[in-house]
Amino acid sequence: MILLNPTQKKMSLLSSLLLLVTACSKDADLLSDYVIAKDGDLQSIALLVDDRFFLGSGQTSIVMDVLNNDNFNGDAQVTIVETSTPKNGEVIINADNTLTYIPQTVDTNPETTTTEETTTASESAEVLVEDSFTYTTEVITSDNEVSREEATVTISTSDMGELLAFPGAEGFGKYTTGGRGGQVIHVTNLNDSGPGSLREALLTKGPRIVVFDVGGTIQLNSYLQIGSTQYSENVARENITIAGETAPYPGITIKGGVLDIYSSNVIVRYLTIRTNIPQVESDDAIRIRNWGTNGYNIRNIIIDHCSISHGSDENLDISCSSEGKDIRIENITIQNCLLGENTQQNKNSLRGPGVFNLSFLNNFLTECTDRNILVGYGSNGESLEFINNIIYGFEGGLAISWGNRVDAISNIYESFGSNPNHYNVITLGSQGYNNPINTGAIYVEGNFISGPMETNAHHYNQELLDFKSSQRVLGNSYISNWEKEKQAIENKVLSKVGNSLYRDSLDENWINSYINKNGVFGFTSVPPKQNSARPANYDTDNDGMADEWERSVFGDLSKSSNGDEDGNGYSNIESFFYYLTQ
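Per an unreviewed UniProt entry, the protein chain goes by Pectate lyase and derives from Maribacter aurantiacus.

A. Region of the structure containing the packing of aromatic side chains. In the structure shown here, the tally under the stated rule is 18 aromatic pairs. The interplanar angle of 40° and the centroid separation of 6.1 Å between the aromatic rings of Trp549 and Tyr579 together place this pair among those described as tilted. Taken together, the residues Trp549 in helix 7 (residues 547-554) and Tyr579 in helix 8 (residues 572-581) connect sequence positions 30 residues apart. Judged by its relative accessible area of 1%, Trp549 is buried.

B. Local environment of the pairing of strand 15 (residues 214-219). Counting buried positions along strand 15 yields five of six residues, so the element is predominantly enclosed. When strand 15 meets strand 40 (residues 532-533), the two strands line up antiparallel, connected through two bridges. Among the inter-strand pairings, Gly215 is bridged to a residue of strand 40, identified as Ser532. As paired strands, strand 15 and strand 18 (residues 252-255) are joined by four bridges and run parallel to one another.

C. Just the sheet that holds strand 33 (residues 390-392), in detail. With respect to topology, 10 strands assemble into an open sheet ordered 39-36-33-30-27-24-21-18-15-40, the strand pairing being mixed. Two strands lie at the open edges of the sheet, namely strand 39 (448-450) and strand 40, each paired on one side alone. As defined by bridge partners, strand 30 (residues 364-366) adjoins strand 33 across three bridges and the pair is classed as parallel. Across the sheet, Thr366 pairs through a bridge with Tyr392, a residue of strand 33.

D. Spatial organisation of the sheet that holds strand 25 (residues 316-320). Ordered by their spatial adjacency, eight strands build an open sheet running 16-19-22-25-28-31-34-37, and the pairing between neighbours is parallel. With partners counted over all chains shown, the strands left at the sheet margins are strand 16 (224-226) and strand 37 (426-429), one partner each. Relative to strand 25, strand 22 (residues 286-290) runs parallel, the two sharing five bridges. The residue of strand 25 that forms the bridge with Arg287 is Asp317.

E. Region of the structure containing the packing of helix 5 (residues 486-494) against helix 6 (residues 505-516). Two numbers describe how helix 5 lies on helix 6: the axes approach to 12 Å, and their chain directions differ by 165°. As summarised for this structure, helix 5 and helix 6 are arranged roughly antiparallel, according to the angle between their axes. The chirality of how helix 5 crosses helix 6 is left-handed. Contacts between helix 5 and helix 6 involve Lys486, Glu490 and Leu494 on the former and, on the latter, Ile511, Tyr514 and Ile515. Broken down by class, the residue content of the contact of helix 5 with helix 6 amounts to four nonpolar, no polar and two charged.

F. Summary view of the side chain of Asp304. Position of Asp304 relative to the elements: it lies in strand 23 (residues 298-304). Every residue in contact with Asp304, bar those within four places of it in the chain, is listed here: Phe166, Val268, Arg269, Tyr270, Gln335, Asn336 and Cys337.

G. Examining the pattern of salt bridges more closely. Within the structure shown, the criterion is met by 19 salt bridges. In this structure, the salt-bridge partner of Arg472 is Glu385, at a minimum N-O distance of 3.0 Å. Of the two residues, Arg472 sits in the loop between helix 4 (462-467) and helix 5 while Glu385 sits in strand 32 (residues 383-387), which places them 87 residues apart along the sequence. Its relative accessible area of 0% is what places Glu385 among the buried residues. The partner of Glu414 in a salt bridge is Lys486, with the nearest N and O atoms 3.9 Å apart. Remark: Lys486 occurs in helix 5 and Glu414 occurs in strand 36 (residues 412-414); sequence separation between them is 72 residues. The exposure class of Lys486 is partly exposed, given its relative accessible area of 26%. By sharing partners, the salt bridges in this structure join Glu82, Glu138 and Arg148 into a single network.

H. Representation of helix 5 within the structure. Of the positions making up helix 5, those classed as buried are Ile489, Glu490, Lys492, Val493 and Leu494. On its buried face, helix 5 sits against strand 30, strand 33, strand 36, strand 39 and helix 6.

Analysis parameters
Residues numbered from 1 in each chain as written. Predicted model: local features only at pLDDT ≥ 70, side-chain atom pairs only at ≥ 80, totals over all residues. Heavy atoms only, no water. Phe/Tyr/Trp six-rings, centres within 6.5 Å; stacked < 30°, edge-to-face > 60°. Helix = DSSP H or I, 4+ residues; strand = E, 2+ residues; numbered from the N terminus. Buried < 20%, exposed > 50% of the residue type's maximum accessible area, 1.4 Å probe, protein only. Pairing = 2+ DSSP bridges. Axes fitted to C-alpha atoms, helices over the stretch in contact; angles between N-to-C directions. Parallel < 35°, antiparallel > 145°, perpendicular 65-115°, else oblique. Left-handed = near helix turned anticlockwise from the far one by under 90°. Contact = heavy atoms within 4.5 Å. Nonpolar A, V, L, I, M, F, W, Y, C, P; charged D, E, K, R; others polar. Salt bridge = Lys/Arg side-chain N within 4 Å of Asp/Glu carboxyl O.

Okay, structure coming up:
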């Protein structure tokens, strides 16, 4: 079964106030949402205590510690005194202040009579999709003041859906398995290298899942690499999941080096990568690069909810080292990422040669004048889908080279009010890569383009208008639905983009500048992060899953990280990751 905590948000305006709150939870990261009440009046802060739980397949009841995420003074006496009646089940108040929910089942074929039909009907009995109820607590303080508080509990059947890299994975990289089934490696310090470092985890061979026991900034002395230019090294270091969502507040920031990905089957989530190497003009922040050694091909990578900036060449570069005639990078997804300013060349993202089946979805690009994004080369019919992205502040927008096959659908391009766009926003041309003219296929539809423009700048150049297709060109795409209205795109992207569990001040400023329409080009230094570490009793069996979560879900610590207790295909540790991100 999957147990979900309330949505986690780290709000900088409240950081100084959190020290004033005493939590009954054993882990401060399991607290529920804080919101500022009375239109931003910091004198009134409401603590939301609503809970959401998932009921696993075949499970006939669930015991819920609903007070786990509530916050009362340590000397307060708290008792659950009543609940409302759920529509589709029964609730029992237990003596230990937990609640047991017993769902009703629905026989979807009640009229069957034969043995065979009866078996079918039994197998079709299922728990209703969702139910809810309220519970009321009586709180008695040390001063004998009595108050009552009410919260809502929602119960759902497990909705993790088809087996993906993780629930919510989309695009061509959505079936990446990463380190599923491999060893769990703990990052226990913020050192550049050595035992317990992130670098040590990346250098380990074989399937592996990387979790973080620490939060803060990792200051690199050299590039971080998954694989290398050697075929055998690339194969040995395939199959890795880097689970940034496991870090304690304030999350992980990587500075001083590039994250180079040379191997296949890689999942990277919830990291902040700000390269920030002064006086260097050739470093990206993340680079997926195939050096082509002995015909090695890179396949299946997904980068999700990462904040990426302060590269000095581009922030993101996905390329083969040659023109991609004999080697490939394929089945890649970049989704829900925030790509910010660039320190030297003001370029955002490059899709180079030899890259096929690349999905670029639900991202926010800002503060770079050029390559937003550059879809280069194209002599091999490389392919890209570019859907529901927001690009705010640019001079050069989406530049597509002849020969590429591209779907550019329902994106937002908006120039800064203080800096008119100088060039056509979405263009098709040679781009200087000797690719054959009038080849490839381009579908451009539903894009929103706004903001000041120079007199000679247009939404599309004439080559694109003359050549574009009337229907999608990527027939193998997994994406069949997307937001089509501007406000819906904004709501979808801005609410969760980047390292949204641990947004720093840069992310917040960039998002707010779009909302307030006051963005300007400039250079911003990387904000520092305080160091943090999990308490010693957080994960005593060292399996990568919080003990508190394991006891809530499984009853004890006996289940392994690679088990699959609910039989949905996701391992127990992947279910824990899902819980952390909800």
